[in-house]
Amino acid sequence: GQQVMQIPQYQHVQEGEDFTTYCNSSTTLSNIQWYKQRPGGHPVFLIQLVKSGEVKKQKRLTFQFGEAKKNSSLHITATQTTDVGTYFCAGRQGGSEKLVFGKGTKLTVNP
Amino acid sequence: NAGVTQTPKFRVLKTGQSMTLLCAQDMNHEYMYWYRQDPGMGLRLIHYSVGEGTTAKGEVPDGYNVSRLKKQNFLLGLESAAPSQTSVYFCASSYSAGRVHEQYFGPGTRLTVT
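The structure presented is a predicted model; accordingly, all values stated were derived computationally and were not measured. (Residues numbered from 1 in each chain as written. Chains lettered and ligands numbered in written order. Predicted model: local features only at pLDDT ≥ 70, side-chain atom pairs only at ≥ 80, totals over all residues. Heavy atoms only, no water.)

**Some remarks on the packing of aromatic side chains**
Link 1 in the chain: Scanning the model with the defined rule gives 14 aromatic pairs over all chains in all.
Link 2 in the chain: Ring plane angle 45° and centroid distance 5.9 Å describe the contact between Phe19 of chain A and Tyr87 of chain A, whose orientation is recorded as tilted. Of this pair, Phe19 of chain A sits in strand 3 (residues 19-25) while Tyr87 of chain A sits in strand 9 (residues 85-92), and the two are 68 residues apart along the sequence.
Link 3 in the chain: Judged by its relative accessible area of 1%, Phe19 of chain A falls in the buried class.
Link 4 in the chain: A centroid spacing of 6.5 Å and a plane angle of 85° characterise the contact between Tyr31 of chain B and Tyr33 of chain B, whose relative ring orientation is edge-to-face.
Link 5 in the chain: A relative accessible area of 12% means that Tyr31 of chain B is categorised as buried.
Link 6 in the chain: Members of the aromatic cluster, each reached through a chain of ring pairs, are Tyr35, Phe45, Phe88 and Phe101 of chain A together with Tyr31, Tyr33, Tyr35, Tyr48, Phe90 and Phe105 of chain B. (Phe/Tyr/Trp six-rings, centres within 6.5 Å; stacked < 30°, edge-to-face > 60°. Helix = DSSP H or I, 4+ residues; strand = E, 2+ residues; numbered from the N terminus. Buried < 20%, exposed > 50% of the residue type's maximum accessible area, 1.4 Å probe, protein only.)

Below, the structure written as structure tokens:
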């Protein structure tokens, strides 16, 4: 079945440093979504990427979807303590109603 | 709007006991999902529903049953709880139409089976 691998599992940075998490799928995806889960909270939708090679920005966050639509990345510039949490990618294959989630990258930021 | 709500928030069960987790959404969403989240395992899909009266199995359905008798509610049942079912359970819902099927998550239910 479809698998979505996400690395790294953990990342600890100093405030102001950049952060990147990577997502790779075993199959071609129709779209990929990113979610953020704060400690003790629930996942919250950040963005969806649909097109091959698509790049979207949200303030300090940059999301990319690979040309082959099998990989994606989330880059945070100049991290802040408010960025702390676990970031999940989630891929959808074809017209499936289901998302397959990566295991997430837990980001901690040292002030 | 309350969004997605889950009851209860916490529960402790003994092995072999049964319980039902309730998920309710007030956004008129067609799709609803149950996930479990374990440390280091991400979110794994248990069961899902694409409309009232329909259900389907996800990645880890064994030991769970679901029902979607009303569009706004999605129930997850554990008939005979096992320690391996200790987890945090999240319900989510989404629209079926449109290009963006973002999922809205409830606050979660923390279940411990002893």
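From this point, things continue past the structure.
**Let's talk about the sheet that holds strand 7 (residues 61-65) of chain A**
Residues and elements named next belong to chain A.
Link 1 in the chain: Pairing in this open sheet of five strands is antiparallel, and the strands run 1-3-8-7-6 from one edge to the other. For this open sheet the edge positions go to strand 1 (4-7) and strand 6 (55-58), each flanked by a neighbour on one side alone. Here the strands of the sheet are splayed against their neighbours by 15° on average, with no regard to which way each runs. (Pairing = 2+ DSSP bridges. Axes fitted to C-alpha atoms, helices over the stretch in contact; angles between N-to-C directions.)

**Quick look at the nonpolar core**
Link 1 in the chain: Judged by nonpolar contacts, the single largest core of 20 residues is most densely connected at Trp34, Leu76, Leu78 and Tyr89 of chain B.
Link 2 in the chain: Every element with two or more residues in this core is listed here: strand 3 (19-25), strand 4 (31-38), strand 8 (73-78), strand 9 (87-94) and strand 11 (109-113) of chain B.
Link 3 in the chain: Membership of the second largest hydrophobic core comes to 19 residues, among which are Val4, Cys23, Leu46 and Leu61 of chain A. (Core = buried A, V, L, I, M, F, W, Y, C linked by side-chain atoms within 4.5 Å.)

**Observations regarding the sheet that holds strand 3 of chain B**
Residues and elements named next belong to chain B.
Link 1 in the chain: Strand order in the open sheet formed by four strands is 1-3-8-7, and the pairing between neighbours is antiparallel. Two strands bound the open sheet, and with one partner strand each, they are strand 1 (4-7) and strand 7 (65-67). The sheet shows a mean angle of 20° between the axes of neighbouring strands, taken without regard to direction.
Link 2 in the chain: Of the pairings in the sheet, the one linking strand 7 to strand 8 comprises three bridges and is antiparallel in character. Bridging from a neighbouring strand, Ser67 pairs with Leu75 of strand 8.

**Thoughts on the pattern of salt bridges**
Link 1 in the chain: The tally for this structure, following the rule as stated, stands at five salt bridges over all chains.
Link 2 in the chain: We note a salt bridge from Glu54 of chain A to Lys56 of chain A, for which the minimum N-O separation is 3.7 Å.
Link 3 in the chain: Classification of Glu54 of chain A as buried rests on a relative accessible area of 17%.
Link 4 in the chain: A relative accessible area of 31% means that Lys56 of chain A is categorised as partly exposed.
Link 5 in the chain: The salt bridge partner of Asp38 of chain B is Arg44 of chain B, with a shortest N-O separation of 2.8 Å. (Salt bridge = Lys/Arg side-chain N within 4 Å of Asp/Glu carboxyl O.)

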